[in-house]
Amino acid sequence: MTTIGTTEHPLRVAIVGSGPAGFYAAGQLLKCKSHPDLCVQVDMFDRLPTPWGLVRGGVAPDHPNIKAVSRVYEKTAAHPEFRFYGNVEYGVDLSHADLVERYHALVFAVGAQTDRRLGIPGEDLPGSWAATEFVAWYNGNPDYRELEFDLSHERAVVIGNGNVATDVTRMLALTRDELATTDVADHALEPLAESKVREIVVLGRRGPAQAAFTNPELLELGEMSDADVLVDPRDVELDPLSRAFIESDTATTTAKKNVEILRGYAAREPSGKPRRIVLRFLVSPVEILGYDRVEGIRICRNELVEDESGALRARRTEATEELECGLVFRSIGYRGMPLEGLPFDERRGVVPNDCGRILVGDAPLRGEYAVGWIKRGATGIIGTNKRDAQETTDLLLEDLDAGRLLDPADPDRDSLEALVAERTADLVTYAGWEAIDRAEKAAGEPHGRPRVKLCSFEELLDAARAAERVPR
Ligand SMILES: Cc1cc2nc3c(=O)[nH]c(=O)nc-3n(C[C@H](O)[C@H](O)[C@H](O)COP(=O)(O)OP(=O)(O)OC[C@H]3O[C@@H](n4cnc5c(N)ncnc54)[C@H](O)[C@@H]3O)c2cc1C
Ligand SMILES: NC(=O)c1ccc[n+]([C@@H]2O[C@H](COP(=O)([O-])OP(=O)(O)OC[C@H]3O[C@@H](n4cnc5c(N)ncnc54)[C@H](OP(=O)(O)O)[C@@H]3O)[C@@H](O)[C@H]2O)c1
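Here's what I pulled together on the structure shown here. (Residues numbered from 1 in each chain as written. Chains lettered and ligands numbered in written order. Predicted model: local features only at pLDDT ≥ 70, side-chain atom pairs only at ≥ 80, totals over all residues. Heavy atoms only, no water.)

With respect to the nonpolar core
As a reminder of what qualifies: Each nonpolar core is a collection of buried residues, namely Ala, Val, Leu, Ile, Met, Phe, Trp, Tyr and Cys, held together in the definition by side-chain atoms within 4.5 Å. Residue burial is assigned from relative accessible area. The probe radius is 1.4 Å, only protein chains are included, and a residue is buried under 20% of its type maximum, exposed over 50%, and partly exposed in between. Pairs of residues are marked as contacts when any of their non-hydrogen atoms sit within 4.5 Å.
The biggest cluster of nonpolar side chains holds 48 residues, and the ones touching the most others in it are F134, Y138, L172, L192, I277, L279 and F329. For F329, the contacting residues outside a window of four places in its chain are W129, F134, F149, A156, V157, V158, I159, V168 and L172. Judged by nonpolar contacts, the second largest core, of 43 residues, contains A21, V42, A77 and A105.

See below:
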């Protein structure tokens, strides 16, 4: 039997998706402390011509420091045994069978590509947007550049109490000058700078003690140059169950601090800034109102009840009210999508897996793994994906040692390259991405911006063509 992982027979791994999870997994395999002599080749595929996943397409434009994490991924990409195949979509350009034929192991790192649904009437009215769409639009994802957001309305409602909701809220409240120094997509800059939105109401279905915001993100809402933050003091008077929770050892420091921050907001007098961010709690949307576009939202008051597991969940009451608004952003979480050739857990929106080993029923699928949001659901910050990827790559190496990987008929790298060339005329190699990166940074420099993003497939592919067409 051939030993895999030698210079003659390198371990060939395909990673589908080039976001944080995919890059952490690649880095861990290419610099593997437990197997120092292992010879590994990592081929990474992404459907977009650009790498970094949500670090490019999710992280808010006014958070440039967070995007600097891509420097870690650049180091991984510089490894001689790493290849990037951009603009190659798994399930379209390459099938499951194509990969099984060519790799010893497949790692799926495709993230969560769609949004969770509220399931209420009016959800699809024009003017009701998933945060996933708004985020992808202002961040220059080429699939979303044609969207048009009508920001001529006075009031927007953001549903959800997570960090994506804080991103959406800030983006609606930044000034032209603040936006102008970011890498926000050019097609979004002018509409956002000219926005007539004056009040952004953020709706949490549970209370201040259960909000999913992290402290710095919640604090930022209180530091906007153009917007006052408003919290009704009655909303921060905790109900008995929440009070007991927040005073107990089970409450996280984040939850305790969030309550403290919100109490501080409730005690503030508005200073008369042109915009208002209103944080409301214990309310759920029941219907998005309007005839041919959003004109308002009906919300109901909730109370908290303890479920069988002891968690506090929201229960609707009969009390309802209507709020006039022209825009609704549904920010209640991202959701994974099914992948060709793989099982899918519809309820959780993930590929079923046991610590990263993909499962069919209860049995692991030989040589196939998941990392990141498609493995555990759409939660966790960038760093969470490092630990998560480590768990998966440790199992992959355990399976290598136990002879439990795939046995590909054609593991030669040339065979893969010939196949990719046959399936797509517009492959973007890592050198192609570097050419895009240089072009974007050069365009940003005269304006004091980190980059001016190229936002259509055409522009991106044109810029990539400036580089050598063959993979390094
Ligand atoms: C709006 C937003 C803002 C965020 N801001 C922060 C922040 O400021 N700080 C922080 O720490 N965390 C932040 N996060 C969380 C962080 O972005 C995630 O934890 C992380 O990106 C998840 O990594 P992933 O690799 O699983 O998925 P992703 O980053 O989504 O990467 C998945 C990749 O797979 C590719 N792909 C998908 N389908 C296919 C296919 N069929 N074929 C080929 N490629 C495919 C996608 O194009 C993408 O490049 C934010 C998340 C969101 C949604
Ligand atoms: N700056 C940053 O670090 C940053 C920025 C953006 C995102 N992220 C991370 O990315 C991950 C995803 O963020 P996210 O904001 O999309 O998700 P999230 O943190 O899970 O928040 C989702 C919010 O939606 C609410 N919700 C869910 N279903 C609902 C419904 N049917 N009706 C009303 N509300 C509903 C949830 O309330 P319940 O709690 O009641 O379920 C929760 O408040 C998080 O881990 C986040 O921290 C980080």
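Topic: the pairing of strand 14 (residues 327-330)
Worth spelling out the cut-off: Per the convention used, a helix needs a DSSP run of H or I reaching at least four residues, while a strand needs a run of E reaching at least two, with both numbered from the N terminus. A pair of strands is considered paired only if DSSP assigns at least 2 bridges between the two.
Judged by which residues are buried, strand 14 turns out to be covered on both faces: L327 and F329 on one side and V328 and R330 on the other are all buried. In terms of strand pairing, strand 6 (residues 128-130) meets strand 14 through three bridges, oriented parallel. Looking across to strand 14, one finds that S128 is bridged to V328. Pairing of strand 7 (residues 155-159) with strand 14 involves four bridges; the strand directions are parallel.

Structural notes on the sheet that holds strand 12 (residues 296-306)
Rule in force here: As a rule, the C-alpha atoms of each element are fitted with a line to give its axis, helices using only the stretch in contact, and angles between N-to-C directions run from 0 to 180 degrees.
The strand order 11-12-13 describes an open sheet built from three strands, whose pairing is antiparallel. Where the open sheet ends on each side, the last strands, each with one partner, are strand 11 (283-289) and strand 13 (312-324). Neighbour to neighbour, the strand axes of the sheet diverge by 25 degrees on average, direction disregarded. In this sheet, strand 13 lies alongside strand 12 in antiparallel orientation, the contact comprising 10 bridges. When the bridges of strand 13 are listed, E303 appears paired with R315.

Let's talk about the site of ligand 1
This is how it is decided: For this purpose, a residue is taken to be near a molecule or strand whenever a single non-hydrogen atom of the residue falls within 4 Å of it. Whenever a nitrogen or oxygen atom comes within 3.5 Å of another N or O atom, the pair is scored as a polar contact, on the condition that within protein one atom can donate a hydrogen and the other can accept it, and that pairs from neighbouring residues in sequence are kept only if both atoms are in side chains. Surface exposure here means Shrake-Rupley accessible area, sampled with a 1.4 Å probe, where a residue is shielded only by the protein chains that are shown.
Inspection of the region around ligand 1 gives 32 residues, with D46, L54, W373, G380 and I382 positioned closest. One nitrogen or oxygen atom from the main chain of P20 is found 3.4 Å from an oxygen atom belonging to ligand 1. Within the backbone of G380, an N or O atom sits 2.8 Å from an oxygen atom of ligand 1. Calculation on ligand 1 without its partners gives an accessible area of 1,000 Å², and the protein chains cover 92% of this total.

Concerning the side chain of R56
Within the secondary structure layout, R56 lies in helix 2 (residues 54-57). Among the polar contacts made by the side chain of R56, one reaches the side chain of E440 at a distance of 2.8 Å. If we skip the residues at most four places from it in the chain, R56 touches T50, P51, K67, N139, W433, E440, R451, K453, L454 and L460.

Remarks on the packing of helix 1 (residues 20-30) against helix 4 (residues 70-77)
This is how the line gets drawn: Reported orientations rely on four angle classes, namely roughly parallel under 35 degrees, roughly antiparallel over 145, roughly perpendicular from 65 to 115, and oblique for the rest. Handedness of a crossing is defined here by the sense of rotation of the near helix relative to the far one, left-handed for an anticlockwise turn of less than a right angle and right-handed for a clockwise turn.
Interaxial distance between helix 1 and helix 4 falls to 9 Å at its minimum, and their mutual angle equals 45 degrees. In this view, helix 1 runs oblique relative to helix 4, as classed from their interaxial angle. Seen from above, helix 1 lies across helix 4 with left-handed handedness. Packed against helix 1, whose contacting residues are P20, F23, Y24, A26, G27 and L30, the element helix 4 presents Y73, T76 and A77 at the interface.

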